[in-house]
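Chain and residue survey
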Amino acid sequence: MEGISVKVDEDKCIGCGKCVDVCVFGGRELIDGKGKIDLERCLGCGRCAEVCPAGATTIEIDDVDLVDKLINSIEAVVDVRDQNSLKE
């Protein structure tokens, strides 16, 4: 995704495959026992970074303005309010 960098520190990667298991976009794979990112498929959602037990995957925001524009475009067509608050 524009404005975000997703990286794997191969020295930290233990090759557990948890990042591959949680990637719903098919943007992660194991090659030679190390997690790799397919930048064409990765959307920078952060699931892989959350589950990495070794902290090998990091996500950095390079351009906050681009991320804000994306969020605004999503909010224009999707109700992003907390659904639990609608029950009150």
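Here's the deal with the pairing of strand S3 (residues 34–37)
The side chains of a regular strand alternate between both faces of the sheet. With four bridges connecting them, strand S2 (residues 28–31) and S3 associate as antiparallel partners. Considered in S3, the bridge of Ile31 is made with Lys34. Here S2 hands over to S3 after two residues, with Asp32 in that stretch at a positive phi of 55°.

Focus: the environment of Gly35
By the element assignment, Gly35 lies in strand S3. It is 7.7 Å that separates the C-alpha atoms of Gly35 and Val20, two residues lying 15 residues apart in sequence. Not counting the four nearest positions on each side in its chain, Gly35 is found in contact with Val8, Cys13, Arg28, Glu29 and Leu30.

Let's talk about helix H3 (residues 64–75)
Two residues of an α-helix separated by three or four positions point the same way, owing to the 3.6 residues in each turn. Taking 1.5 Å of rise per residue, twelve residues should cover 16 Å, and H3 covers 16 Å from first to last C-alpha, within 8% of that figure. Here H3 starts with a cap whose side-chain oxygen sits 3.0 Å from the backbone nitrogen of Asp65, and that cap is Asp63.

Comments concerning the side chain of Ser5
Here Ser5 lies in strand S1 (residues 4–8). When its relative accessible area of 17% is taken as the criterion, Ser5 is described as buried. Here Asp62 takes part through its side chain, which lies 2.3 Å from a polar atom of the side chain of Ser5. When sequence neighbours within four positions are dropped, the list of residues in contact with Ser5 reads Thr58, Ile59, Glu60 and Asp62.

With respect to a negative patch on the surface
Together, Glu2, Glu60, Asp62, Asp63, Asp65 and Asp68 line one region of the surface with negative charge. Relative to the helices and strands, Asp62 is located in the loop between strand S4 (57–61) and H3.

Parameters at a glance
- Residues numbered from 1 in each chain as written.
- Predicted model: local features only at pLDDT ≥ 70, side-chain atom pairs only at ≥ 80, totals over all residues.
- Heavy atoms only, no water.
- Pairing = 2+ DSSP bridges.
- Helix = DSSP H or I, 4+ residues; strand = E, 2+ residues; numbered from the N terminus.
- Contact = heavy atoms within 4.5 Å.
- Expected span 1.5 Å × (residues − 1).
- Polar contact = N/O pair within 3.5 Å; in protein donor to acceptor, adjacent residues only side chain to side chain.
- Buried < 20%, exposed > 50% of the residue type's maximum accessible area, 1.4 Å probe, protein only.
- Patch = residues over 30% accessible without salt bridge, like charges linked within 9 Å, V, L, I, M, F, W, Y side chains within 5 Å.
- Areas by Shrake-Rupley, 256 points an atom, 1.4 Å probe, with all protein chains shown as cover.
- Salt bridge = Lys/Arg side-chain N within 4 Å of Asp/Glu carboxyl O.
- Lys, Arg positive; Asp, Glu negative; His and termini not counted.
- Charge placed at Lys NZ, Arg CZ, Asp CG, Glu CD.

Honestly, it's all geometry; don't read function into it.
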